[in-house]
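# Observations on the three-dimensional arrangement
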Amino acid sequence: MKREDIIESVRSQMPERRWQHTLGVMETAIQLANRYGADPDKAELAAILHDVCKYWPVEEQARIIREHGLPAELLDYDKELWHAHAGAFVAKDRYGVADEEVLDAIRYHTSGRERMTLLEKVVCLADYIEPGRDFPNVNNIREIAEHSLEKALIAGFSGTIAFLLEKGKKIYPLTMQARNSLIDEVKLKEEHA
Ligand SMILES: [Fe+2]
Ligand SMILES: [Fe+2]
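Residues numbered from 1 in each chain as written. Chains lettered and ligands numbered in written order. Predicted model: local features only at pLDDT ≥ 70, side-chain atom pairs only at ≥ 80, totals over all residues. Heavy atoms only, no water.

### Quick word on the overall build of the protein
The condition is simple: Going along the chain from the N terminus, every DSSP run of H or I of four or more residues is numbered as a helix, and every run of E of two or more is numbered as a strand. Atoms counted for the radius of gyration: C-alpha only. Globule rule: 2.2 Å times residue count to the power 0.38. Residue exposure (1.4 Å probe, protein chains only): buried if accessible area is under 20% of the type maximum, exposed if over 50%, otherwise partly exposed. Here, two residues are considered to be in contact whenever any of their heavy atoms come within 4.5 Å of each other. Accessible surface area values rest on a Shrake-Rupley calculation with a 1.4 Å probe, where residue burial reflects the displayed protein chains alone. For the purpose of charge, His is not counted, nor are the chain termini; Lys and Arg are scored as positive and Asp and Glu as negative. Every charge is mapped onto a representative atom, which is NZ of Lys, CZ of Arg, CG of Asp or CD of Glu.
Of the regular secondary structure elements, the protein holds ten helices and zero strands. Its C-alpha atoms give the protein a radius of gyration of 16 Å, within 12% of the compact-globule value 16 Å for 193 residues. Oriented by its inertia axes, the alpha-carbon framework of the protein measures out at about 45 × 35 × 30 Å. Expressed as a percentage of the 193 residues in the protein, the buried residues total 48%. Considering only residue pairs separated by 6 or more positions, the protein has 61% of its internal contacts joining residues 24 or more positions apart. As displayed, the protein offers around 9,700 Å² of accessible surface, 51% of which is attributable to carbon and sulfur atoms. With 26 positive and 34 negative side-chain charges, the protein shows a spacing of 3 Å between the two charge centroids.

### Quick look at the nonpolar core
Inclusion rule: Residue types Ala, Val, Leu, Ile, Met, Phe, Trp, Tyr and Cys, when buried and joined through side-chain atoms within 4.5 Å, form a set referred to as a nonpolar core.
With 62 residues, the main nonpolar core has Val10, Leu49 and Leu125 as its most contacted residues. If we ignore the near neighbours within four places in the chain, the residues touching Leu125 are Leu32, Ile141, Ala145, Leu149, Ala152 and Leu153.

### Comments concerning the coordination of the iron ion (ligand 2)
For clarity, the cut-off: Only nitrogen, oxygen and sulfur atoms within 2.8 Å of the metal, or 3.2 Å for Na, K and Ca, are treated as donors, and water is left out, so sites may look incomplete. When four donors show all angles between 85 and 135 degrees the site is tetrahedral, when four or six donors have opposite pairs over 155 degrees and all other angles between 65 and 115 it is square planar or octahedral respectively, and in every other case it is irregular.
In this structure, His21 (NE2), His50 (NE2), Asp51 (OD) and Asp127 (OD) serve as the protein donors to the iron ion (ligand 2), at separations of 2.2 Å. Angles of 81 to 173° at the metal separate the four donor atoms of the iron ion (ligand 2), which places the site in the irregular class.

### Details of the packing of aromatic side chains
The cut-off we apply is this: Within 6.5 Å between ring centres, the rings of Phe, Tyr and Trp (the latter by its six-membered ring) count as paired, and their orientation is classed by plane angle as stacked under 30 degrees, edge-to-face over 60, tilted in between.
Using the criterion set out here, one finds three aromatic pairs in the structure. Ring geometry for Tyr77 against Tyr172: centres 5.0 Å apart, planes inclined by 70°, an arrangement best described as edge-to-face. Taken together, the residues span a long stretch of sequence, with Tyr77 in the loop between helix H4 (58-67) and helix H5 (82-93) and Tyr172 in the loop between helix H9 (149-166) and helix H10 (173-191) at a distance of 95 residues. Looking at Tyr172, the relative accessible area reads 5%, which means it is buried.

### Let's talk about the side chain of Asp127
Rules: Counted as a polar contact is a pair of N or O atoms within 3.5 Å, where, for protein atoms, one must be capable of donating a hydrogen and the other of accepting one, and residues adjacent in sequence contribute only when both atoms are in side chains.
Along the polypeptide, Asp127 turns up in helix H7 (residues 118-129). Side-chain polar atoms of Asp127 contact the side chain of His21, separated by 2.9 Å. With residues near it in sequence (within four places) discarded, Asp127 still touches His21, Val25, His50, Asp51, His109 and Arg133.

### A closer look at the state of the cysteines
Put simply, the rule reads: Criterion for a disulfide: a pair of cysteine sulfur atoms at a distance within 2.5 Å.
Scanning the entire structure with this criterion turns up zero disulfides. With no disulfide of its own, Cys53 lies closest to Cys124 among cysteine sulfurs, the gap being 17 Å. In this structure Cys53 comes out as buried when scored by relative accessible area, which is 0%. Here Cys124 falls in the buried class, since its relative accessible area comes to 1%.

### Details of unusual backbone geometry
Despite not being glycine, Arg115 has its phi angle at roughly 50°, a positive value. Note that Arg115 resides in the loop between helix H6 (100-107) and H7. With a relative accessible area of 64%, Arg115 lands in the exposed category.

### Considering the pattern of salt bridges
Put simply, the rule is: Salt bridge, as used here, is a side-chain nitrogen of Lys or Arg placed within 4 Å of a carboxyl oxygen of Asp or Glu.
Tallied over the entire structure, the rule returns 21 salt bridges. Here Glu190 makes a salt bridge to Lys151, at a shortest N to O gap of 3.0 Å. Placement of the pair is Glu190 in helix H10 and Lys151 in helix H9, with a sequence separation of 39 residues. You can call Glu190 partly exposed: its relative accessible area is 49%.

### Thoughts on the coordination of the iron ion (ligand 1)
Each protein donor to the iron ion (ligand 1) is listed here as Asp51 (OD), His83 (NE2) and His109 (NE2); together their distances run 2.1 Å. Binding-site remark: the iron ion (ligand 1) is held by donors from one chain whose sequence spacing is D-x31-H-x25-H. Separating the iron ion (ligand 1) from the iron ion (ligand 2) is a gap of 3.4 Å, bridged by Asp51, which donates to each. With a gap of 32 residues between them, Asp51 in the loop between helix H3 (40-49) and H4 and His83 in helix H5 connect regions that are remote in the sequence. Assigned by exposure class, Asp51 and His83 land together as buried.

Here you go:
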């Protein structure tokens, strides 16, 4: 499907404020891709589609997870995680996206995972810091993102994990693994600097 057609279709499936968020993620993902050497076209495509299922009924998201062999344990964790995996499925199934790198960037944009690819990091961080985001510490993460993709993501995940702890909620293991893995990467880079 053509970029413009995908954009129109995605836009029609969400409220205007979420579309504004998607535009912000597109813009920020392209900037980060250019800054850190990822493919800006892939970053933009993943950003366009990253929240495609966000406003679908949760039962529909759960059905996709159950019927298409997506990780069933997702259903035991926060519903916020479901749209990312369902979204990757829909990107491939309905929009014909075949690029596994793009699909993974959609799939892991909320949770992260161990050893994230460059494109996954770019899209996940863009989702945290796009211009419309306003949460405590977002400006700090934006500043860190000027010089380190990994350190900015560690700050993002730390905030998410602290928030979940505060709320007494469960923490999806991939998010812990993502943060641990990024800390190792930063350490390794610093040792070889
Ligand atoms: Fe999302
Ligand atoms: Fe998002």
